[in-house]
Structure formats: C-alpha cells, structure tokens
There are 2 protein chains.
Amino acid sequence: MNIILLSGGSGKRLWPLSNDVRSKQFIKLFKNGDEYESMVQRVYRQITTVDSDAKITIATSNSQASAIKNQLGEKTSICVEPCRRDTFPAIVLAATYLHDELGMSVDEAVVVCPVDPYVDNTYYEAVRKLQELTETGAANLTLMGIEPTYPSEKYGYIIPATGENVSRVKEFKEKPDIETAKKYLAQCALWNAGIFAFKISYLIEKAHSMLDFEDYRDLFNKYDTLTKISFDYAVVEKEESIQVLRYRGDWKDVGTWNMMAEVMADQTKGKAIMDETCVNTNVVNELNIPILCMGCKNLIVAASGDGILISDKERSGYMKPYVEKIETEARYAEKSWGTYTVMDVQPGSKTIKLSMRAGEHLTYHMHNYREEVWTVVAGKGKAIVDGREQFLRTGDVIVIAAGCKHTVEAFTNLDIIEVQLGDEISVSDKIKFTLM
Amino acid sequence: MNIILLSGGSGKRLWPLSNDVRSKQFIKLFKNGDEYESMVQRVYRQITTVDSDAKITIATSNSQASAIKNQLGEKTSICVEPCRRDTFPAIVLAATYLHDELGMSVDEAVVVCPVDPYVDNTYYEAVRKLQELTETGAANLTLMGIEPTYPSEKYGYIIPATGENVSRVKEFKEKPDIETAKKYLAQCALWNAGIFAFKISYLIEKAHSMLDFEDYRDLFNKYDTLTKISFDYAVVEKEESIQVLRYRGDWKDVGTWNMMAEVMADQTKGKAIMDETCVNTNVVNELNIPILCMGCKNLIVAASGDGILISDKERSGYMKPYVEKIETEARYAEKSWGTYTVMDVQPGSKTIKLSMRAGEHLTYHMHNYREEVWTVVAGKGKAIVDGREQFLRTGDVIVIAAGCKHTVEAFTNLDIIEVQLGDEISVSDKIKFTLM
C-alpha cells in the first residue's frame, strides 16, 4: 500500500489534552497490549499489520513533525507544509513529494486518509482494495464511503448511482438536516470521510492545470502564496470519472470527548480514584496530583497543565467556544528532544521543567531579553555556552545571561529546572545559530 | 465577653483544600465586602462586632499557630497545646493560661466555642447571654443548645427539663437514629454543639481534682502525659448543676463540601468557567490553570496543589475513607513567613516555590542530606549562609550545600524557586540553630 496520511491541525475539541502545539492524534489513550498508544501510533500499527510493506507518508505541519518523529521514529516519511493551506495544496505537495523526493512513479496509485478515525483493521483492507481499484484505471478518482449507522447532520454525503459495493458517484451533498439525511439513507448514501485514491499522474496533471509551479521544491517555496481550498471543493466535486467503494465496518470520528470516552482503553488514565457510586465516568489525568470522583454520573474529566475539563459527556461536543475564550499559553509540549512543562509563571519570571531524551540536543540559540538559570535535577549531559563546553550532572547550576548563545546535549535522559528571568519573557525571543 | 475558641484538628472532610497542615477554618471562602475571609477571620469579626472589647483566646495546636497569626495578626491570644489531647486537657490548659499567664481573675466567666460553625451575629449575642447567666452563679455549667431544624443523626442531644429559654438539663443523649431523634424533638431537645460557659474557678478546681499539676507552666510541661478525654465526657455529663440556653438562630456545621457550598460567598472562586447548562455547581480553584465545567449538575469541584475533588454534593460527606487512601504529602502550606508550594517531585529532587512576606524570615537551619539551589524570581532580601551575609535580588542564585546553615530575610515580598537535591529529601531533615 501507498498511503498519504493527513495529520490535521491543532484542535480544541479535546482540550485540555489537545492545544495549539499538541493535536489529538498524539494523545496516548489507546492500548496495544499493556502499552498506551496514540491515534497516530495505532494507525501506523494497523496499516503495517495489514501490509508490512506499506509506504506511509504523513502530510503535516511543521508544529507536528517533532511529535510524529517522537512517536513513530524514522518509520514513515514526513511531508511538512511550510504553512497551513487546506487539503488541496497539502495533497498536491504530498503527491509531488512522493514523485520528486521519494522517486515514486507517476503510474503508482496512492490513497489519502485522515489520521484520526478510530477503525479496526478491516478499514485498511478496504484501503488496499481502494488502491487496487485505482490501479485498474476504471476511474480517475476512487473514494471510500462510510455506510452510515444513523442519519447524521455532521457529515457530507456521497450519493452513489447504485447500492453495489463499488458504484459510480451520482452526486455529493453538503451536511444535511436530519430529515434530509433520512432521505439520503433511503438512496444508499454514504458518509464522505475524506478518503480517496488516485494515480500520481492524475493529481500532478490536475495540479499543473490549476497551479503555476515546476516541481516539489518550487511548490514548497511558493506554498505561502497558494489559495486555501479543500481537495473536495477543488477536485472531487468537479471530477466526472469518479467511483466509490462502500465500507461497512466500524468507523468512529473521535472528535469529541464523548466519542473518545467510548474508545479509550481504560476508564481512567493517570492518578484517579472513583467511589463506587460513579457511573459512566472517564478520567484522563496528566497532572501529578490525584483526582477524586464521588458520585459522578456520565462525566468526562480531563486534566493537563493547560487546564481541567469537567463535562457531561453529551455536552462535551459544545465546548469549543468556551475553550477559545481561555487565553493560556500551552503549558506542556512535546518537542523533538523531549518534553517541556511550565510549572510557574509570574511577572518577571517563568519556571519550566525540561525533560530531554538521551542522545537528543537543543538547537544552539540565544535570547535577547531573558536570563536563564538551569539546575540539573537528574542525568548527565553537556552544555555549550558561548562556545565553551561544560559537562553537566545532577546538581549542576548554570546561569545564562541574556545575549549568551547556548545549547545542551543529553548523554542520559536529562531533567533540568529552568528559571527564566526578565521583563519580556516570550517564546518568540529565540535566535538560532549553527554550532561550528 | 471572654471567649475561648477551640480551633480543632486538621481535617480531610474539605479535602483537597484542607490537609494535614491546613485546616478548614483557614480556607478563605466567605466574604466581608469585596475581601475573602476564612472561618476564623469571620468569627473574629462577628465577635468583635457584638462586643468590641471581647477578650478572645484561641486554643489550638502548634501546627495552626502560624496560620492564626497570618490571618488575625496579634489581635487574639493563642494558647498552644504541645500535642493533641482532646478537649478536656485543651480547655483546662486554656483556663489556666487565662488565669496564670493573662492574669484573669478566677471569678470571671468564660465561654468555650468551637471555631467552625457558620452563624450570624445573633449567635454571639447568645454567647454574651451565656456569659451573663454564668456570672449569676445559678449553675456551675451553662450550655448553649441549638434548636434543631430537623431530626438529625449527626449530633448529640441535650434534653432540657422544660421547653423554656433557660432550663435545667435533664440528661444528655448520644447521636441517635432518626426515629429516636424524632422522639427527642418532641421533648424540646437541643443539639449539643460543644458551647459551654463556666467560671474559671470552677474549672481550675475541677481540673485539680482530676489532674496532678501546679499551674499553667507545669501542666504545659506534662501535657503529653495526660489522658485523651473529651470535656463532655470528663465534665459535662457528670455535672449536676447544669443549665442550658436555647438558641433559635441560624447555625450551620460547615463540615462537608455540601454545607460549605451553601454558605460560600460566590459560586466560584479562582479560575473557573461554567457553560450555561451547569446547575447548582460550585467551583473552588486554587490552581493557576482554568477549570471548565460543561453541563455539570449538583457538583462541587475543589482543586488545590494536593489534588482535585469532583463530587456530587450529597456524596461529598462520604469522602473521608477515599481521601485517607491518598498518600500525598501536602503540596501547599501557609507558614509564619508566607507560603510554600511544591511544584515538582521526582527521585532525587523536589522543586518548591517559596513566597515570603516583606519583613519575615526563615529560621536559621541546615539539612544533612540535601543541597538546595535558590533562584530569586522577585523581590529583595538578605541571605545568611554559614554566617556570611549576602544581599539578594531578582535573578540571584545561591547554592547551599548539605550541612550548610542558612536563612533568608525578606525586605520586600520575596519569591524564590528552590530546587532540593539529594537521595533522601525529607521535611524532617532540618536542624534549627539560633542566629548569633
């Protein structure tokens, strides 16, 4: 199989575990044996179970590249968008990346899937079927349509010409009201879940007819000048030669806490205690303090360094406008080198815990407006401060004045308490250098 | 008025805001104008409103003395028990303290009240009446009985000889079942809420007949040898000459979150957001991250550095056994010099924020088994490390090796991030010295 996984934008719908720098696909709430895994890890495992030779490319933003590398290592290719431009530019960029950077033939078929539905392995068997159907050349585009389990208002619909397993597409419909959805279901309609397959040649020709660019590099460089437009709108809805494969297996859109609670491996994760009168309640606690639930009914409780959500499960789908009002900088983030956690913020200072993985290093950088005091609380490593090397071990303290270039390399896992001091503390006050 | 306020032990019933070092009477959830106040502040304000000349002595444990001084300043006397020995020894110690240390005449009448009921000012008018009744000498002991609002199983009962305002006491009854409670109510019974008045002479004579001691100092020194016994059991239930004053006003035992929610000044305190479908829900948030409630019904949510409680209001009275299972060191405490907050704990290190008030200082002390790294994040002060003075200001870093004596004095409000390092980090690793 040849798959482009679209790993979408930051979301607030699983706040406080998802935020501007951490998307829902990286939250580890599923399980594989005894180990927790994230959506992206689960999807990777499922695809490679169905086809151990699958070639997977993840199309994503710069902000997610580190998290993907942390969670999947070097096992997949990553095609990074320089900025966000919706799905049509992203898929064109990924297709040219496969051809120009990975050397894939224009005759190959590729399947584009979103990374976030919760499915079982039969879904990826259907994805393989989608690719095979595309290879036959029977249509320019082959979609996968999800057989609806109820008349939903939340999805767009594909109306097929027939109720057969594979059918020509008659037309597409926007999200309907429930009565209209019922009529669609009577016509054997399918949910449009954004899964489609094409030959690379088809998409590159289509792209050149719509966009002025030479190749992947050229497209990458002018990416910020492209218009934001969805693949559905730019391509799918205008294509005449289009067929759909009916998928009847399990498929869940894990976009709300209510849905997440249904598929979570355990009722609770993290420090949580429930009394025996709690009913249908889930707790996800990333804080290092306990959560005690007494007599809670139909609740989802989620706690991270960003905040605490306590929501009736049904209501959890409506929290976006409330979360948008919460103006907090993300207090926890996964980085390429490990994690950082904001512990304290007050005027003139910010205290952070850095946890670096063995073998990783920070970029060589400096800050114009803040001083930093580092105390090593566990592990060994090496600091370079204005070109001078210094070995680090537990208990060592380094003071880095504003304007001083610095970096750290972790020999073992390395934990540092960093106190930032200054009147203008900002994540944007960071100038990167190349270490000679 | 002449009042001994009993400020009782640490409680887990208002966890996570009450803990081993912070009792419920110090949590600021009430209001006086725009200012939040604690139970102990509210009681002090109410007594001095009824009688601006009231002499108030708080009988309490060592662990609460700092919190009382923080919240009331030097406005009350404090009689500190060297260790916990139940109410009879505590009241005898307080009575001898009034006589031997404060020079009060044995002829004076004194009223003993618990510090934690939620009442209005008429309660303290009844307390004054109690003292006046005692001064007449009509009985050795005069109790205040609370007129019940329902047949409760939670309180002991006083059965009076008559239903009059002041009556001889016929007998005392232990906490009954509801049916028995109904029978007591038919006999004009009153709740025994531990409020009683006596002349100092009465109690000191009684004490000498039961305990072998000379005076306050002697009793203080042998306090740990005394038997734990309640005042009710040792004195009240054996006394023949005893009367009761019927109190008909508001009186609430704020011992559970359900009761606290009824008398809290605001529906929420701290960072809290509720959607419009929340009903009868209260949030008390001491953390610096927001709590978002969606569709919550009849819940109490309380969050502190010790943990997070999410409880159905009715169930909140049953949480003690669950809280007892939570083995966490208190992560937040009020000290005589300010507050400390534990921010991070991992094997080999602990990171704390100290916030000292201007003019306060730590004791001069050392640790045998841990090193400390202090980073000043706000304010000015002076450190003394092994006798050497050093001025401190924002950005200063001090490393204090194990075995090194040290202290800090705050010139302004002073905030310090303290990283403790060592294999055996314990609050008991502290040796105090006198600063020469």
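Owing to the predicted nature of the structure, the values given are computational and were not obtained by experimental measurement.

Draft legend 1. Here's a closer look at the relation of the copies chain A and chain B. Each copy of the sequence occupies a distinct position, and chain A is placed on chain B by a rotation of 180° and an axial shift of 0.0 Å, giving an RMSD of 0.1 Å. This pairing of chains is accounted for by a two-fold axis. When each C-alpha of chain A is compared by its distance to the rotation axis, Met 343 of chain A comes out closest, at 3.2 Å. Both copies contact each other with a shared surface, as 100% of the interface residues of chain A are interface residues in chain B too.

Draft legend 2. View of the sheet that holds strand β21 (residues 338-346) of chain A. Residues and elements named next belong to chain A. Here we have six strands laid out as an open sheet, ordered β20-β21-β22-β29-β24-β27, and antiparallel in their pairing. Of all the strands in the sheet, just β20 (332-335) and β27 (397-400) have a single pairing partner and so form its edges. In this sheet, adjacent strand axes meet at a mean angle of 20° when their direction is disregarded. Pairing of strand β24 (residues 371-378) with β27 involves four bridges; the strand directions are antiparallel. Its bridge partner lying in β27, Val 373 is registered against Val 399. The strands touched by helix α2 (residues 62-72) within the sheet are β20 and β21, with β20 carrying the most contacts at an inclination of about 70°.

Draft legend 3. Region of interest: helix α3 (residues 87-101) of chain B. Residues and elements named next belong to chain B. Here α3 spans 20 Å end to end across 15 residues, near enough to the 21 Å set by a 1.5 Å rise per residue. For α3, a buried count of 11 out of 15 residues is recorded, marking the element as mostly surrounded by other parts of the structure. Remark: Gly 103 follows α3 within two positions and exhibits a positive phi of approximately 75°.

Draft legend 4. Quick look at the interface of chain A and chain B. Listed as interface residues are 55 residues of chain A and, on the opposing side, 55 residues of chain B. The contact between chain A and chain B buries some 4200 Å² in all, and 66% of this surface belongs to carbon and sulfur atoms. When residues of chain A are sorted by the area they lose upon contact with chain B, Leu 292, Met 294 and Ile 310 of chain A head the list and together hold 17% of the total. Inspection of the region where chain A meets chain B yields four salt bridges. Notably, a salt bridge pairs Arg 315 of chain B with Asp 275 of chain A, separated by 2.6 Å at the nearest N-O pair. Here the side of chain A that touches chain B is built from residues that sort into 31 nonpolar, 14 polar and 10 charged. The pairing of strand β17 (residues 291-294) of chain A with strand β19 (residues 307-312) of chain B spans four bridges and is classified as parallel. Paired with Ile 291 of chain A across the strands is Ile 308 of chain B, a residue of β19 of chain B.

Draft legend 5. Just the pairing of strand β5 (residues 77-81) of chain B, in detail. Summarising the sheet, strand β4 (residues 55-61) of chain B and β5 of chain B pair through five bridges and their orientation is parallel. Considered in β5 of chain B, the bridge of Thr 57 of chain B is made with Ser 77 of chain B.

Draft legend 6. Representation of the pairing of strand β28 (residues 406-410) of chain A within the structure. Residues and elements named next belong to chain A. Within β28, four of the five residues are buried, which leaves the element mostly enclosed by the surrounding structure. Where strand β25 (residues 380-385) lies against β28, five bridges are found, and the strand directions are antiparallel. What sits directly across from Ala 383, in β28, is Val 408.

Draft legend 7. Quick look at the pattern of salt bridges. All told, the structure shown has 34 salt bridges over all chains when counted by the stated rule. Between Lys 182 of chain B and Glu 179 of chain B there is a salt bridge, and its shortest N-O distance comes to 3.5 Å. Of this pair, Lys 182 of chain B and Glu 179 of chain B both sit in helix α5 (residues 178-186), three residues apart, which is roughly one turn of that helix. With relative accessibility at 42%, the residue Lys 182 of chain B sits in the partly exposed group. A residue is classified by how much of its surface remains accessible, and Glu 179 of chain B, at 49% relative accessible area, is partly exposed. For Asp 218 of chain B, the salt bridge identified is with Lys 222 of chain B, shortest N-O distance 3.2 Å. In the salt-bridge network here, residues are joined through shared partners; they are Glu 147, Arg 246 and Arg 248 of chain A.

Draft legend 8. Examining a positive patch on the surface more closely. All names here are of chain A. There is a patch of like positive charges on the surface, built from Arg 13, Lys 154, Lys 175 and Lys 320. Along the chain, the position of Arg 13 falls in the loop between β1 (2-6) and β2 (30-32). On the basis of relative accessible area, Arg 13 is assigned to the partly exposed category, the value being 38%.

Draft legend 9. Focus on the sheet that holds strand β20 (residues 332-335) of chain B. Residue and element names in this part refer to chain B. In space, the six strands of this open sheet follow the order β20-β21-β22-β29-β24-β27, with antiparallel pairing throughout. Looking at strand neighbours, the two that pair on one side only are β20 and β27 (397-400), the edges of this open sheet. Across the sheet, the mean angle from the axis of one strand to that of its neighbour is 20°, orientation sign disregarded. In the sheet, β20 pairs with strand β21 (residues 338-346) via four bridges, with the strands oriented antiparallel. Its bridge partner being in β21, Glu 334 is matched across the sheet by Thr 339. Its contacts with the sheet put helix α2 (residues 62-72) on β20 and β21, and the angle it makes with β20 is roughly 70°.

Draft legend 10. Quick peek at the packing of helix α1 (residues 39-50) of chain B against helix α4 (residues 121-135) of chain B. Residues and elements named next belong to chain B. At a closest axis distance of 9 Å, the pairing of α1 and α4 adopts a crossing angle of 60°. Taken as axis vectors, α1 and α4 run oblique relative to one another. Where α1 crosses over α4, the handedness of that crossing is right-handed. Contact with α1, carried on its side by Val 43, Gln 46, Ile 47, Thr 49 and Val 50, involves Asn 121, Tyr 124, Glu 125 and Arg 128 of α4 and no other residues of that element. A per-class count over the contact of α1 with α4 returns four nonpolar, three polar and two charged.

Draft legend 11. The arrangement of unusual backbone geometry in detail. Residue and element names in this part refer to chain A. A cis geometry characterises the amide bond from Trp 15 onward to Pro 16, with omega recorded as 5°. Summarising the element assignment, Pro 16 is placed in the loop between β1 and β2. For Cys 188, which is not glycine, the phi dihedral falls at a positive 65°. As for its placement among the helices and strands, Cys 188 is situated in the loop between α5 (178-186) and β11 (190-199). Even without being glycine, Asn 280 reaches a positive phi, approximately 50°. Assignment of secondary structure puts Asn 280 in the loop between β15 (272-274) and β16 (282-285).

Draft legend 12. Quick look at a negative patch on the surface. A contiguous patch of negative charge, built from Asp 100, Glu 101, Asp 212, Glu 214 and Asp 215 of chain A, is present on the exposed surface. Of the residues examined, Asp 215 of chain A reaches a relative accessible area of 33% and is grouped as partly exposed.

Draft legend 13. View of the environment of Tyr 97 of chain A. Residue and element names in this part refer to chain A. Here Tyr 97 is to be found in helix α3 (residues 87-101). By relative accessible area, Tyr 97 is classed as buried at 14%. Linking Tyr 97 and Val 279, residues 182 residues apart in sequence, is a C-alpha distance of 49 Å.

Reading guide: rules and limits
- Residues numbered from 1 in each chain as written.
- Chains lettered and ligands numbered in written order.
- Predicted model: local features only at pLDDT ≥ 70, side-chain atom pairs only at ≥ 80, totals over all residues.
- Heavy atoms only, no water.
- Least-squares fit on C-alpha atoms with pLDDT ≥ 70 in both.
- Contact = heavy atoms within 4.5 Å.
- Pairing = 2+ DSSP bridges.
- Helix = DSSP H or I, 4+ residues; strand = E, 2+ residues; numbered from the N terminus.
- Axes fitted to C-alpha atoms, helices over the stretch in contact; angles between N-to-C directions.
- Expected span 1.5 Å × (residues − 1).
- Buried < 20%, exposed > 50% of the residue type's maximum accessible area, 1.4 Å probe, protein only.
- Buried area = accessible area lost by both parts, 1.4 Å probe.
- Salt bridge = Lys/Arg side-chain N within 4 Å of Asp/Glu carboxyl O.
- Nonpolar A, V, L, I, M, F, W, Y, C, P; charged D, E, K, R; others polar.
- Patch = residues over 30% accessible without salt bridge, like charges linked within 9 Å, V, L, I, M, F, W, Y side chains within 5 Å.
- Areas by Shrake-Rupley, 256 points an atom, 1.4 Å probe, with all protein chains shown as cover.
- Lys, Arg positive; Asp, Glu negative; His and termini not counted.
- Charge placed at Lys NZ, Arg CZ, Asp CG, Glu CD.
- Parallel < 35°, antiparallel > 145°, perpendicular 65-115°, else oblique.
- Left-handed = near helix turned anticlockwise from the far one by under 90°.

Worth remembering: the numbers are spatial, not functional.
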